[in-house]
Amino acid sequence: MKYWRINSLCKFASHEWVKFKVLDDIQMHLWRREYLCPDFEKDQLIKSPDNKYYKLRQVWNAKGNLFSVFIQNESNWEPSHGLLEPQVVTLIKDFFNINRNIWYYLETLTDNEDFKISKLTRQIEPMQIKVFLESFNNEVTPSKPKILEIGKYEYQETDIYYGPKTEFKTLLDFWISCLFWVNCGELEGEGLTYLDYFNSYDLTSGSCIPMDLDEIKEVTDEIKSKNIKLENPFNAYLMRKDWNDRMYVIEYEDIFVMHNWHTAE
């Protein structure tokens, strides 16, 4: 892992003081948690309590409201024992959530995920979903996705849903329908109020990681095996990336398909 990228939306983009002090504030947040941040210099290495070193770098988008902090992995930290990211990444995410009067936390990306986004681009992204959820009328019921298969549960299960493009004009429309209706193999229509989208982005709302189609060939082959006439897919996204709940949305010529592998754990 070369780095992690945390994206957060600044609610006060017009205030230049935010841009000049955010890295200092993050380093102070780390220093209070026993990280060594020598003189709070931007180009200095940060030392964690377990003697790992990291370096922070910031980027603002052209409009000046989307802030990215890159956490460079200077000590070759590797995942182990189910720990997918080092403590420093979790602490910086916490910084944005604690300071939610200024920041709206969006996502954390690995270097591999960040590369995929730059290479494949996104047709759907967390900001789009955030805007949609904020304007969603709870009295409106989205079209219901159709069931291609509900798997038989044996400690794990795979469920597959689809929606024709005659009913769902965009991938976003289909995904919102899945969020509204799908719940552990049931089409229950729970609505969208369970998503806490006011102060930070709930990652169950959609990670939106574009996928190389060769990388998910096992998934697309499984969909093809269900007696459904499909050409080659156009594109695919990893929408939920929990270790026990993985959702892919795949676009074909005439339909969208959602593939959901999950366990009860």
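Structure's up top.
Now for a look at the structure at hand.

### Observations regarding the sheet that holds strand 7 (residues 157–164)
With antiparallel pairing, the six strands of this open sheet are ordered in space as 6-7-13-12-11-10. The sheet is open, and its two borders are formed by strand 6 (146–150) and strand 10 (209–210), each paired with just one other strand. Looking at chain direction, strand 7 and strand 13 (residues 255–262) are connected through eight bridges and run antiparallel. Its bridge partner lying in strand 13, tyrosine 161 is registered against methionine 258. Seen against the sheet, helix 5 (residues 171–181) touches strand 7, strand 11 (235–242), strand 12 (245–251) and strand 13 and runs at an angle of roughly 40 degrees to strand 13.

### Overview of the nonpolar core
Counting residues in hydrophobic clusters, the biggest one holds 30 residues, and the most contacted among them are Ile124, Ile129, Trp175, Leu192, Met239 and Met258. Secondary-structure elements contributing two or more residues to this core are strand 5 (103–110), helix 4 (126–135), helix 5, strand 11, strand 12 and strand 13. With nine residues, helix 5 is the largest single contributor of residues to this core. The contact partners of methionine 239, leaving out residues within four places of it in the chain, are Ile124, Ile129, Trp175, Leu203, Gly206, Ser207, Cys208, Met247 and Val249. Ranked by size, the runner-up nonpolar core spans 27 residues in total, among them Leu23, Val69, Trp77 and Val89.

### A word on empty space enclosed by the protein
To locate leftover empty space, one rolls a probe as large as a water molecule over the atoms. Per the counting criterion, the structure on display carries one cavity of 30 Å³ or more. One number sums up the size of the largest cavity: a volume of about 40 Å³. Looking at the largest cavity, the residues that line it are Glu107, Thr108, Leu109, Leu203, Ser207, Ile209 and Lys241. In the lining of the largest cavity, the residues fall into three nonpolar, two polar and two charged.

### A look at helix 3 (residues 111–120)
Buried residues of helix 3: Asp111, Glu113, Asp114, Lys116 and Ile117, and no others. Against the buried residues of helix 3 lie strand 1 (3–10), strand 4 (66–73), strand 5, strand 10 and strand 11. One or two positions beyond helix 3, positive phi appears at threonine 121, with a value near 60 degrees.

Procedures and definitions
- Residues numbered from 1 in each chain as written.
- Predicted model: local features only at pLDDT ≥ 70, side-chain atom pairs only at ≥ 80, totals over all residues.
- Heavy atoms only, no water.
- Pairing = 2+ DSSP bridges.
- Helix = DSSP H or I, 4+ residues; strand = E, 2+ residues; numbered from the N terminus.
- Contact = heavy atoms within 4.5 Å.
- Axes fitted to C-alpha atoms, helices over the stretch in contact; angles between N-to-C directions.
- Core = buried A, V, L, I, M, F, W, Y, C linked by side-chain atoms within 4.5 Å.
- Buried < 20%, exposed > 50% of the residue type's maximum accessible area, 1.4 Å probe, protein only.
- 1 Å grid on protein atoms, 1.4 Å probe; cavity = no way out; pocket = protein on both sides within 12 Å on 5 of 7 lines; lining within 4 Å.
- Points joined across faces, edges and corners; volume = space filled by probe spheres on them.
- Nonpolar A, V, L, I, M, F, W, Y, C, P; charged D, E, K, R; others polar.

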